[in-house]
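Here is what each chain is made of, one letter per residue.
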Amino acid sequence: METSDISQKEIGFSMPRIGDKAPEFKAITTQGEINFPSDYKGKWVILFSHPADFTPVCTSEFMTFAHLEEKFAKANCKLVGLSVDGLYSHIAWLRTIKDKIEFNGMKDIEVKFPLIEDITMNVAKKYGMIQPGEHKTQAVRAVFFIDPESTVRAVIYYPLSLGRNFDEIYRALIAMQTSDKFNVATPADWEPGNDVIISPAGSCGVAEERMTNTDDLECKDWFFCTKKLNKEKVLDEIIES
Ligand code: BEZ
């Protein structure tokens, strides 16, 4: 048995999967107490963890997320951060970021979204954020996308040394919202304005129809059909103006 297997059992590790309801918890944050996910019903949430306060990669990520908070809000998405540090450490770190740190042209950045204190690791354990093969007491960089019905829709994990790509996090959010709204899938590297994918034919009849009816579909073969989806149409439906 691997050491990491033993440790995972010891810490009572669980890992929400895509399609699961987001595990519930009550927590203290830098913005007061939250009841998760019930406080966020009707909104998308990005719940993300970071290894520790007062560390450089985490600082660069927090500044970037805070800078983009308004952009995520316009897509009906709230941000919630977490680390296995205490409330006073969080407060001191966020004050230092605002007062002293400049990164990528950003400065005087105020983090207004909640940062959960999780000294007991209660939340980190429920969400599989402690991955003992990487670190025994610090959370990895996890990103949970949770939809307005509190269902986990996507999960991305990064190791401690790797800062996240926020363009990709935003792209994934908009792509999932587009799939929900227009009942389509999105191909590799999709961005609003690119063609979207129609779900594969589920019967011989539909397969035949796909190849003969060329109204608004472009089928390379019966299983590979795309259609145009205007960028403005996507943004009108998803982004609050
Ligand atoms: C950082 O945020 O800089 C960091 C945190 C833990 C391990 C390595 C880097």
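On a predicted model such as this, the values are computed, not experimentally measured, just so you know.

Caption draft 1: Seen up close, the packing of helix H5 (residues 166-182) against helix H7 (residues 231-238). Closest axis-to-axis distance for the H5/H7 pair is 10 Å, and the angle between their directions is 95°. By the criterion of interaxial angle, the relationship of H5 to H7 is roughly perpendicular. Each of Ile 174, Gln 177, Thr 178, Lys 181 and Phe 182 in H5 lies in contact with H7, whose residues at this interface are Lys 233, Val 234, Glu 237 and Ile 238. When the residues that make up the contact of H5 with H7 are grouped by side-chain class, the tally is four nonpolar, two polar and three charged.

Caption draft 2: Structural context of the UniProt feature "binding site: substrate" (unreviewed entry) in the protein chain. In the numbering used here, UniProt assigns the "binding site: substrate" (unreviewed entry) feature to Arg 141. Looking at the secondary structure, you find Arg 141 in strand S6 (residues 141-146).

Caption draft 3: Molecular detail of the nonpolar core. In this structure, Ile 46, Phe 62, Phe 65, Phe 72, Phe 113, Phe 145 and Ile 169 are the most contacted members of the largest nonpolar core, which totals 42 residues. Looking at this core, the elements that each hand over two or more residues are strand S3 (44-49), helix H2 (56-74), strand S4 (77-83), helix H3 (87-100), S6, strand S7 (152-158), H5 and H7. At nine residues, H5 tops the list of elements feeding residues into this core. Each of domain 1 (3-163) and domain 2 (183-238) contributes no fewer than three residues to this core. Excluding residues that lie within four positions of it along the chain, Phe 145 makes contacts with Val 45, Ile 46, Thr 151, Val 152, Arg 153, Ala 154, Ile 156, Ile 169, Ala 172, Leu 173 and Met 176. The next biggest cluster of nonpolar side chains, apart from the first, holds 23 residues, and it includes Phe 25, Phe 36, Ala 124 and Ile 130.

Caption draft 4: How the structure looks around the state of the cysteines. All told, the structure shown has one disulfide when counted by the stated rule. Here Cys 219 connects covalently by a disulfide to Cys 225, the sulfurs 2.1 Å from one another. On the sign convention where negative means left-handed, the S-S torsion of about 110° between Cys 219 and Cys 225 marks this disulfide as right-handed. The thiol of Cys 204 is unpaired, and the distance to the nearest cysteine sulfur, on Cys 225, comes to 14 Å. Cys 204 sits in the exposed class, given a relative accessible area of 71%.

Caption draft 5: Fine view of the site of the ligand. As a structural note, the neighbourhood of the ligand is formed by Pro 51, Thr 55, Pro 56, Val 57, Cys 58, Gln 138, Arg 141 and Leu 160. Separating an oxygen atom of the ligand from a side-chain N or O atom of Thr 55 is a distance of 3.0 Å. Between the ligand and Pro 56, the relevant distance is 3.2 Å, taken from an oxygen atom to a main-chain nitrogen or oxygen of the residue. A total of 260 Å² of accessible area belongs to the ligand in isolation, and the protein chains cover 76% of it.

About the cut-offs
Residues numbered from 1 in each chain as written. Predicted model: local features only at pLDDT ≥ 70, side-chain atom pairs only at ≥ 80, totals over all residues. Heavy atoms only, no water. Axes fitted to C-alpha atoms, helices over the stretch in contact; angles between N-to-C directions. Helix = DSSP H or I, 4+ residues; strand = E, 2+ residues; numbered from the N terminus. Parallel < 35°, antiparallel > 145°, perpendicular 65-115°, else oblique. Contact = heavy atoms within 4.5 Å. Nonpolar A, V, L, I, M, F, W, Y, C, P; charged D, E, K, R; others polar. UniProt positions renumbered as here; feature names shortened; annotations may be inferred. Core = buried A, V, L, I, M, F, W, Y, C linked by side-chain atoms within 4.5 Å. Buried < 20%, exposed > 50% of the residue type's maximum accessible area, 1.4 Å probe, protein only. Domains from an automatic or database assignment. Disulfide = S-S within 2.5 Å. Near = heavy atom within 4 Å. Polar contact = N/O pair within 3.5 Å; in protein donor to acceptor, adjacent residues only side chain to side chain. Areas by Shrake-Rupley, 256 points an atom, 1.4 Å probe, with all protein chains shown as cover.

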